[in-house]
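# Structural overview for review
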Amino acid sequence: MDSVKIFTILPFLLCLATISSEAQPNYLYHICQNATSYTSMGYLDNVNRVLSSISINAIDRPNGFYDTSEGDGDNRVYGLFLCFGDLSPDVCELCVKNATKEIIKHCPIQPRAIVWYDQCVLRYSDRPIYSIMDTSLAVYASSVENVTSTDQRRFDTVLKTTMRDIATLAASAPRGAIKFDVKVANVTSRINIYTLAQCTPDLTGEDCSRCLGSAISNLTYGKLGGRVLCPSCNIRYEVYPFYNETGFKREVYPLINATVVVGNTPSPQGGEGSKRLLTKIAAGVSAAIVGIVLFCSFIYAVLWRSKHQKKEEVVQLMDLRRRNDYSSDNIRGEMPVNYSQDLPTISFDIIKDATNTFSNEAKLGEGGFGPVYKGTLENGKEIAVKRLSRTSGQGLQEFMNEITLIARLQHRNLVRLLGCCLEETEKLLIYEYMPNRSLDVFLFDSNMSTHLDWQRRFMIINGVAKGILYLHEDSRLRVIHRDLKASNVLLDYEMNPKISDFGMARIFGRNDSKSTNTIVGTYGYMSPEYAMEGLFSVKSDVFSFGVLILEIISGRRNNRFYLSEEGECLLTFAWKLWHKGRGMELIDPSLVESSVATEVLKCVHIGLLCVQDEPAERPTMSSLVVMLASDTITLPQPKQPLFSVGQLVGRAAPSSSASVLKVSSVNQVTNSSVSPR
């Protein structure tokens, strides 16, 4: 069959999207190869067996990779999955299990299929695919935003050099090990390039080099972002952090057979070519022996470190229970805070009984921290229990951070922490139960949104503003939340808003501007200076609050919003409507009858002031509370927001035509040009 390549231009317009704090994997693309249907029901049965085997074996794979096959003869099916090397095992498992369910929906009758997510790739075929380098199918994606002309030459030079470097490092890993690497390179004082390269572990170093070289040669340069997805490898670059650099251990391997060749690699033939081939084989055998030794050493080191980390974690938890004070210096490197023991510890057995042994029926949801369960105590009091997953991407520091902060914060618009459980390796937080779950459940569902009329939405905006004001100015700790979003605003029985999730919060003093090398939070709500440069302050929360206001008014997610061919995000779309005097067109259709035009327009105006590009031009929370309460105050004129930095991925079904399609995405809707290449 002729090789096919799918070429896609995705508008990576700088609108905020996700990196990961959403539980569901982010779908990217799929290809249903070969239009003919299954030759027999036996083949379909084997497809289902392969997918079932993959789903079962997605649990805790040391190299994020698994291959299998079922059946024989014409009905034999081969399958495999690969997770990105910076993921925790639970995120990998969730992505793979989701992919096994979705791939059949995308390709119901084709004998070969592949689906890519931001976290993993899954494929099956009627032909052998293990240890076979495949670049015959590829998805190319690039930003619609160009690098400025003054920076382009240096940008492209740095990009090419960095891509070759990480491709060489990824290919140097021995067969069976994680062939993955990331790197950040500086272009200018304000621009960094973040890069990633990965091959499937079943490839030889030479095949991995060829695959990555082919992918690099197909990158579109001069753009602010781009990626190439192949069945056997993938690469990506952005001007913002999109990977978890601390989520994997970089191993150093001898650079044998790992020179990346961009373009086609000729095969050696005759004479000198045969000698070169024998030399390569000898070198490959040597590399394999070295690789086995290194891989065994790596496994031993991982097991040893895991064992000692668990002991250290238990000691830390016991220490936290014993101490009468706890310094937040040990948590976030911030101002010292005395921790009083007014937060009760609750027996694990009590929580276990309250949640029916953490049954699936009691499970409310799951995030980066771990699952959340509903529980009922013996006295009938309802509680919500957040249980730190042992493979959580957040971990003990965030757990302690939340205890230290929220135990000392008391406000009607903050969720109340009732207690905690610290027994051996169990780490539980017990909160007041919020029966109406989170704001996003109502806001972004066309059926549920009808329960939020304008007065309730206006009440929620005011309540969230007062909660943030308390954090910034009125609490004894003075806190920057850093992850304010619709899913972290919980609703009580009367739909009163309560801000939750303080695992990423920071304490600050009078000097309220800080920097960090670790960007946390949710793309879509991050301020530009934080997402791009790691600078955060109280004005970072103000930016997130502005995004939240516009989402509450429109009923649309900023990180999934798309309306025009220019790739507008919700912020620029709202500003254009407001600037033209058509601000009422922004509102959720369900608000038409209940809305008060003056209040809606005032909130749109305030939301736009909050999302100004420069932090100094955003109002403080104290002034925002006054603006929301006053009908006579004159508001400053906002400028058009230009920067909203995030990750976009497009969704499209492959097509043999070269037409332009409107396609939807997990993150937002995009325009894609889909054509054979």
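We now turn to the structure provided with this report. Bear in mind that the values here come from a model prediction, so they are computed numbers and not experimental data. (Residues numbered from 1 in each chain as written. Predicted model: local features only at pLDDT ≥ 70, side-chain atom pairs only at ≥ 80, totals over all residues. Heavy atoms only, no water.)

## Quick notes on helix H13 (residues 570–579)
The buried count for H13 comes to 8 of 10 residues, which makes it a mostly enclosed element. When we look at burial in H13, the residues that qualify are Leu570, Leu571, Thr572, Phe573, Ala574, Trp575, Leu577 and Trp578. Along its buried surface, H13 packs onto helix H12 (538–554) and helix H14 (597–610). Residue Gly581 follows H13 closely and has a positive phi angle near 75°. (Buried < 20%, exposed > 50% of the residue type's maximum accessible area, 1.4 Å probe, protein only. Helix = DSSP H or I, 4+ residues; strand = E, 2+ residues; numbered from the N terminus. Contact = heavy atoms within 4.5 Å.)

## Focus on the nonpolar core
Nonpolar side chains in soluble globular proteins tend to end up buried together. Counting residues in each nonpolar core, the largest one holds 78 residues, and the members touching the most others are Leu409, Leu439, Val464, Phe545, Ile553 and Leu586. With 10 residues, the top contributor of residues to this core is helix H10 (residues 454–474). The residues contacting Val464, other than those within four sequence positions of it, are Leu484, Val489, Pro497, Ile499, Phe545 and Leu548. By size, the runner-up hydrophobic cluster in this structure holds 47 residues, among which are Ala171, Ile191, Tyr240 and Tyr523. (Core = buried A, V, L, I, M, F, W, Y, C linked by side-chain atoms within 4.5 Å.)

## Considering the sheet that holds strand E13 (residues 371–376)
The sheet built from 5 strands is open, its strands ordered E12-E13-E14-E16-E15 with antiparallel pairing. Two strands bound the open sheet, and with one partner strand each, they are strand E12 (363–366) and strand E15 (417–423). With strand direction ignored, the average angle separating the axes of adjacent strands in the sheet is 25°. As paired strands, strand E14 (residues 382–387) and strand E16 (residues 426–432) are joined by 5 bridges and run antiparallel to one another. Note that in E16 the partner of Lys386 across the bridge is Leu429. (Pairing = 2+ DSSP bridges. Axes fitted to C-alpha atoms, helices over the stretch in contact; angles between N-to-C directions.)

## Things to note about unusual backbone geometry
Note on backbone geometry: most residues besides glycine have negative phi, and most peptide bonds are trans. For Asn356, which is not glycine, the phi torsion reads 55° and is therefore positive. With respect to the secondary-structure elements, Asn356 resides in the loop between helix H7 (348–354) and E12. Taking relative accessible area as the criterion, Asn356 reaches 53% and is therefore assigned exposed. Even without a glycine there, the phi angle at Asp501 is positive, about 65°. Mapped onto the elements of the fold, Asp501 is located in the loop between strand E19 (497–499) and strand E20 (506–507).

Just distances and angles here, no functional claims.
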